[in-house]
2 protein chains.
Amino acid sequence: MAGYVSEAVIKRLPGYYRHLKALEAEGVTQISSRTLGERMNLKASQIRQDINCVGGFGRQGYGYAVSELRARICTVLGLDAPHSMIIVGVGNIGSAVASYQSFRKEGFEVVALFDIDPAKIGALVDGLQIQSADDIAPYLDAHSVDIAVIALPANHAQRMAELLVSHGVRALWNFAPVDLATNGNVPIVNVHLSESLQTLSYKLAHRGESDDA
Amino acid sequence: MAGYVSEAVIKRLPGYYRHLKALEAEGVTQISSRTLGERMNLKASQIRQDINCVGGFGRQGYGYAVSELRARICTVLGLDAPHSMIIVGVGNIGSAVASYQSFRKEGFEVVALFDIDPAKIGALVDGLQIQSADDIAPYLDAHSVDIAVIALPANHAQRMAELLVSHGVRALWNFAPVDLATNGNVPIVNVHLSESLQTLSYKLAHRGESDDA
C-alpha cells in the first residue's frame, strides 16, 4: 500500500466499501471511475486518486473489478479480522449500540457491557448481562478487548478513557460530548451527536444563502 | 456575518459553542485565541480565522469576551429559536434519539414518533406515543416540523425522505446507511455509525504507521 493516507481519504473509505458491497450484491462486476463517481457523488479523478492511494488499481477503458476492489478496501479498513468491543455506559446510546445488528455482521462483537448504576447491573441487553463498572479493570486484565465504546456523561469520560487504555483497550469509540485525550498510540473516533444536530441547525438557518460568495 | 462559511468551519462551530459554554460555566470571561486554541487543539491563527468568518471579533492583547462570543455562535448555529423534530423509525437508534435529554436542553423538541411495526404503535417512549407511519403525511399537513430523524433500514430511507420533504419537513437528520438525495433546498446531515466504526477500525489497523510520509 502507498504510504500516507489523509484523514479525508480515510473518512471516504467506508463509503467506497458500502457502495462496492451494494454493487456486488447487484451483480455488477466492473465499474468505471466515472460511473462509481456518479453513484457516490464524487469526481472520477477523485475516485481514481483515492483508490490509488490505498493500493487499488483499475484498467484503462475497463475500470475496476468490483469484488477485488471491495476485498482490497475491506482489508485496508482492517475488517478482515473480527473486533471485540465492550460498552461502557448502558444508557440510551450505549444500549442502542449494544443492540445494533449491523455491527455484528461486520465483525464487531460486543462481548461485555458495564454501567455504574446498581439498578441496571444484572439486566440483560441483547443477551448480555450488564456488569458493574467496578469490574471493568479485572475484566480487561483477563480478556483482550479491541474497542471500548464510551457512552458516558462528559464529566466521567476522560477518567474512564484513561482506565480503559491503562488496562489494554486498543481503541476508543467515544459518544461523550467531550474531546478525549489519550497519550500514546490509542486511536479515538468521536460521534458527537449534539454537534451533528447543531450542524444541521446551521444549515437550516442558512439555507438558500449563496455558497459561491 | 461574512459571506461564505466553508463546510470545515461549519463542522467546527459546534465545538466552539461547546467549549465556550464550558468556559462560561467555569466563570472565564475573557480568552485569547492562543488559550482557546490549546483547549480545542487548534492553532491560534485557525481560531482567529474561524471566528472572524462568523462575524465574531476579539481585541488585541485582550482576546474574546466569552459570553458575547458564545451568544454570537449560538445565533449563527440557529440555536436561538427552538426546533421541532419527529422521529421516523423507533428501533434502537430512533428510541435512543427520542430519549436523549441533551437535545431538548438545546431546544430540539421531539414532537412525534412514527413506526411501521404494528407491535410498536401505541407504545410510549419518553412520554410520547408511537404513531403509525401511515399517519406521517396527515401529521405533517397539520403541523410544522423542522427536522425529521430518519432511523430506518437503508431500503426504506430514500422513499421516506421524499415523503417527508414533500409534506414540508425542512431538514433531515439521517441515520440510515445510505446517501439520501433531496432535490431542492432541504439540508441533510448524515450520521453513519457503521462508517464511523470502520474509520476506527482503519486507525486501529494502521496505528503506529508514520503519518508524515
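Before reading further, recall that the structure is shown in the block above.
Summarised in this report is the structure supplied together with it. (Residues numbered from 1 in each chain as written. Chains lettered and ligands numbered in written order. Predicted model: local features only at pLDDT ≥ 70, side-chain atom pairs only at ≥ 80, totals over all residues. Heavy atoms only, no water.)

Right, let's talk about the overall build of chain A for a bit. When its secondary structure is counted, chain A shows 9 helices and 9 strands. The C-alpha extent of chain A, read off along each of the three principal axes, is 60 × 45 × 35 Å. Looking at the 213 residues of chain A, the share that counts as buried comes to 49%. For chain A, contacts bridging at least 24 residues in sequence account for 55% of all contacts bridging at least 6. In the form shown here, chain A has an accessible surface area of approximately 10000 Å², with 50% of it arising from carbon and sulfur atoms. (Helix = DSSP H or I, 4+ residues; strand = E, 2+ residues; numbered from the N terminus. Buried < 20%, exposed > 50% of the residue type's maximum accessible area, 1.4 Å probe, protein only. Contact = heavy atoms within 4.5 Å. Areas by Shrake-Rupley, 256 points an atom, 1.4 Å probe, with all protein chains shown as cover.)

Another point: the interface of chain A and chain B. Listed as interface residues are 60 residues of chain A and, on the opposing side, 60 residues of chain B. At the boundary of chain A with chain B, the tally comes to 6 salt bridges. Linking B:Glu7 and A:Lys203 is a salt bridge whose minimum nitrogen-to-oxygen distance equals 2.8 Å. On the surface where chain A and chain B come into contact, there are 25 residue pairs in polar contact (both at pLDDT 80 or more). Residue assignment for the side of chain A that touches chain B shows that the elements contributing at least two residues are helix H1 (7-25), strand E3 (83-88), helix H5 (92-99), helix H6 (101-105), strand E8 (171-174), strand E9 (188-190) and helix H9 (193-205) of chain A. At 13 residues, H9(A) tops the list of elements feeding residues into the side of chain A that touches chain B. Across the side of chain A that touches chain B, the residue classes tally to 34 nonpolar, 16 polar and 10 charged. (Salt bridge = Lys/Arg side-chain N within 4 Å of Asp/Glu carboxyl O. Polar contact = N/O pair within 3.5 Å; in protein donor to acceptor, adjacent residues only side chain to side chain. Nonpolar A, V, L, I, M, F, W, Y, C, P; charged D, E, K, R; others polar.)

With that out of the way, let us pick up the packing of aromatic side chains. Residue and element names in this part refer to chain A. Counted by the stated rule, this structure contains 8 aromatic pairs over all chains. Seen in terms of ring centroids, Tyr100 and Phe103 are 4.5 Å apart; in terms of plane orientation they differ by 55 degrees. Their pairing is tilted. Overall, the relative accessible area of 1% leaves Phe103 in the buried class. Three or more aromatic residues joined by ring pairs form one cluster here, namely Tyr100, Phe103, Trp173 and Phe175. Over the face of the ring belonging to Tyr62 we find Arg59, whose NZ or CZ atom lies 4.0 Å from the ring centre. (Phe/Tyr/Trp six-rings, centres within 6.5 Å; stacked < 30°, edge-to-face > 60°. Lys NZ or Arg CZ within 6 Å of the ring centre and 35° of its normal.)

Moving on, we come to the relation of the copies chain A and chain B. Superposing chain A onto chain B takes a rotation of 180 degrees combined with a translation of 0.0 Å along the rotation axis, leaving an RMSD of 0.0 Å. Here the two chains are linked by the operation of a two-fold rotation axis. Closest approach to the rotation axis among the C-alpha atoms of chain A is made by A:Ala96, whose C-alpha sits 3.2 Å away. Here 100% of the interface residues in chain A have copies in chain B that are interface residues too; the copies meet face to matching face. (Least-squares fit on C-alpha atoms with pLDDT ≥ 70 in both.)

Before going further, it helps to examine the nonpolar core. Residues A:Trp173 and B:Trp173 are the most contacted members of the largest nonpolar core, which totals 100 residues. Membership of the second largest hydrophobic core comes to 24 residues, among which are B:Ala112, B:Val145, B:Val165 and B:Val178. (Core = buried A, V, L, I, M, F, W, Y, C linked by side-chain atoms within 4.5 Å.)

As for its placement among the helices and strands, A:Asp146 is situated in the loop between helix H7 (136-142) and strand E7 (147-150). Polar side-chain contacts of A:Asp146 include one of 2.8 Å to the backbone nitrogen of A:Ser84. A polar atom in the side chain of A:Asp146 sits 2.5 Å from the side chain of A:Arg170. Setting aside anything within four residues of it in sequence, one finds A:Asp146 in contact with A:Pro82, A:His83, A:Ser84, A:Val169, A:Arg170, A:Ala171 and B:Leu204.

All names here are of chain A. Spatially, the 7 strands line up as an open sheet ordered E5-E6-E4-E3-E7-E8-E9, and their pairing is mixed. Each of the sheet's edge strands pairs with one partner strand only, and the pair in question is strand E5 (124-125) and E9. Two elements, E7 and E8, share 4 bridges in a ladder whose sense is parallel. Across the sheet, Val149 pairs through a bridge with Trp173, a residue of E8. (Pairing = 2+ DSSP bridges.)

This part covers the environment of B:Asp135. With respect to the helices and strands, the residue B:Asp135 is situated in the loop between strand E6 (128-132) and helix H7 (136-142). When the C-alpha atoms of B:Asp135 and B:Ile116 are compared, they prove to be 10.0 Å apart, with 19 residues separating the residues in sequence.

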